[in-house]
Amino acid sequence: MEKILRGILSDVSYGVIRLAGRAGSGLRVLTYHRVTDAHPDDRLCVPVGRFAEQMRYLKEAGYRTVSMGRIERWAESALFLSGKTVGITFDDGFEDNFLYAFPEMRRYGFTGCFFVPSGFIRSGQEKHPKEDRPMTWAQMKEMLAAGQEIGGHSVTHRKLTQINISELPDETAGCKKDLEGGLGCSVDFFCYPAGYYNDAVKQRVKEAGYQGAFTVEPGPVRAGSDPFAMKRTEVSGFDSLRDFEKKLAGAYDWMHMAVQGVSQFTS
């Protein structure tokens, strides 16, 4: 019943958006976590075939991807970007990003940013089950060479608003230092673990030398947005292609906002 109601409400929202001519308004940044068939009941795990279907849809619909730097410049200075522009991001650094997401994106000439917790990467693959291993430094370097980006996602993936403020430099600047040392390149963007941030966290991210940061707050990035609180749209493992189309238009934004509001209030 919940799924049916969700579909009806999003259909209504999508219809209103299209009638108002607001479909695609702003710059939509998609959030993925994992692309794998290993955990079919986990909403953060998008099945491999479904991800391929979504990438094909973007290509056939005329979308192009854009770098995190161009998104940040759009937020700050309204740098022109066409309505068929989308950002693609991945959180958490699992190897399935390299094995399954990266080849599909490369197939269509798409690029994105993979936000990784440096401690997870440094822990190595041998300490984790095969289907839940982190990417290796070599795999990330291969993606970088193909035009992908790597971003910071803290060291330990803890909720940064719930740790001692004295630990924030280690989680922000420490992550950047780890990744830049392992990859041999600049790491310029950050993603707040689980979306938890406040003014103190933002300040430490700025002081660490990042150019911008992404949240899990729903909605498009608009001209004049805070470059250290850029919004994204989560793609769920349970989304149909129709859901994906509606999410690109923003039909689920208000529902995601309501769910997150309740979650933040009760956590």
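The model shown is predicted, which means the values in this text are computed figures rather than measured ones.

Re the pattern of salt bridges
Tallied over the entire structure, the rule returns 15 salt bridges. With its nearest N and O atoms 2.8 Å apart, the salt bridge here joins Lys176 to Glu180. In this pair, Lys176 and Glu180 are both assigned in helix H7 (residues 168-183), four residues apart and thus about one turn of the helix distant. On the basis of relative accessibility, which here comes to 25%, the residue Glu180 falls in the partly exposed class. Each of Arg34, Asp96 and Asp132 takes part in salt bridges that share partners, so that together they form one network.

Notes on the confidence of the model for the protein
Chain-level pLDDT for the protein is 89 on average; 84% of the residues reach the 70-or-more range. Under a pLDDT of 50 for its full length, residues 10-14 has, in the predicted model, 13 contacts with residues more than four places off or in other chains. Throughout residues 16-20 the model reports pLDDT below 50, and contacts reaching past four residues in sequence, or to other chains, amount to six contacts.

Digging into the pairing of strand S6 (residues 113-116)
A two-sided burial pattern is seen for S6, the buried positions comprising Cys113 and Phe115 on one face and Phe114 and Val116 on the other. The parallel pair strand S5 (residues 85-91) and S6 is bridged by helix H4 (residues 95-107), and the resulting crossover is right-handed. Direction of pairing for S6 relative to strand S7 (residues 149-152): parallel, over a ladder of four bridges. The partner of Cys113 across the bridge, within S7, is Glu149.

What about the side chain of Arg34?
Relative to the helices and strands, Arg34 is located in strand S2 (residues 34-35). By relative accessible area, which is 7% here, Arg34 ends up buried. A polar contact of 2.8 Å, which involves the side chain of Arg34, links it to the side chain of Asp132. Discounting residues that sit within four places of it in the chain, Arg34 has contacts with His39, Leu44, Cys45, Val46, Phe94, Asp96, Asn97, Glu131 and Asp132.

Some details on the nonpolar core
Soluble globular proteins tend to pack their nonpolar side chains together in the buried interior. One finds Tyr32, Phe51, Met55, Leu58 and Phe90 to be the most contacted residues of the largest nonpolar core, which totals 43 residues. If you look at the next biggest cluster of nonpolar residues, it comprises 15 residues, including Met68, Ala75, Phe115 and Phe214.

A short note on the packing of helix H6 (residues 137-145) against H7
Axes are the key here: two packed helices are described by the angle between their axes and the distance separating the axes. Where H6 contacts H7, the two axes come as close as 10 Å, and the packing angle between them is 80°. By the angle between their axes, H6 is roughly perpendicular relative to H7. Residues Trp137, Met140, Lys141 and Leu144 of H6 touch H7, and the partners they reach there are Asp178, Leu179, Gly182 and Leu183.

Topic: H7
In this model H7 runs 22 Å from its N-terminal to its C-terminal C-alpha over 16 residues, within 8% of the 22 Å that 1.5 Å per residue would give. The largest bend in H7 comes to about 30°, at Gly174.

Looking at helix H2 (residues 48-60)
In this model H2 runs 19 Å from its N-terminal to its C-terminal C-alpha over 13 residues, within 8% of the 18 Å that 1.5 Å per residue would give. Of the residues making up H2, those classed as buried are Phe51, Ala52, Gln54, Met55 and Leu58. Angular distribution of buried residues about the axis of H2 spans 160°; they occupy a single face of the element. Exposed residues pointing more than 90 degrees away from the buried face of H2 are listed as Gly49 and Glu60. The first or second residue beyond H2 is Gly62, which carries a positive phi of 90°.

Here we look at the packing of aromatic side chains
Two aromatic rings are characterised by how far apart their centres lie and by the angle between their planes. Within this structure, the stated rule accounts for 13 aromatic pairs. Members of the aromatic cluster, connected to one another through ring pairs, are Tyr32, Phe51, Phe90 and Phe114. Lys176 extends its terminal NZ or CZ atom over the ring of Tyr210, reaching a point 5.2 Å from the ring centre. Directly above the aromatic system of Tyr252 lies the positively charged group of Lys247, at a separation of 5.6 Å from the ring centroid.

The rules we used
Residues numbered from 1 in each chain as written. Predicted model: local features only at pLDDT ≥ 70, side-chain atom pairs only at ≥ 80, totals over all residues. Heavy atoms only, no water. Salt bridge = Lys/Arg side-chain N within 4 Å of Asp/Glu carboxyl O. Helix = DSSP H or I, 4+ residues; strand = E, 2+ residues; numbered from the N terminus. Buried < 20%, exposed > 50% of the residue type's maximum accessible area, 1.4 Å probe, protein only. pLDDT = per-residue confidence, 0-100. Contact = heavy atoms within 4.5 Å. Right-handed = clockwise from strand over helix to strand, strands pointing away. Pairing = 2+ DSSP bridges. Polar contact = N/O pair within 3.5 Å; in protein donor to acceptor, adjacent residues only side chain to side chain. Core = buried A, V, L, I, M, F, W, Y, C linked by side-chain atoms within 4.5 Å. Axes fitted to C-alpha atoms, helices over the stretch in contact; angles between N-to-C directions. Parallel < 35°, antiparallel > 145°, perpendicular 65-115°, else oblique. Expected span 1.5 Å × (residues − 1). Bend = angle between axes of the 7 residues up to and from the residue. Arc of directions from axis to C-beta. Phe/Tyr/Trp six-rings, centres within 6.5 Å; stacked < 30°, edge-to-face > 60°. Lys NZ or Arg CZ within 6 Å of the ring centre and 35° of its normal.

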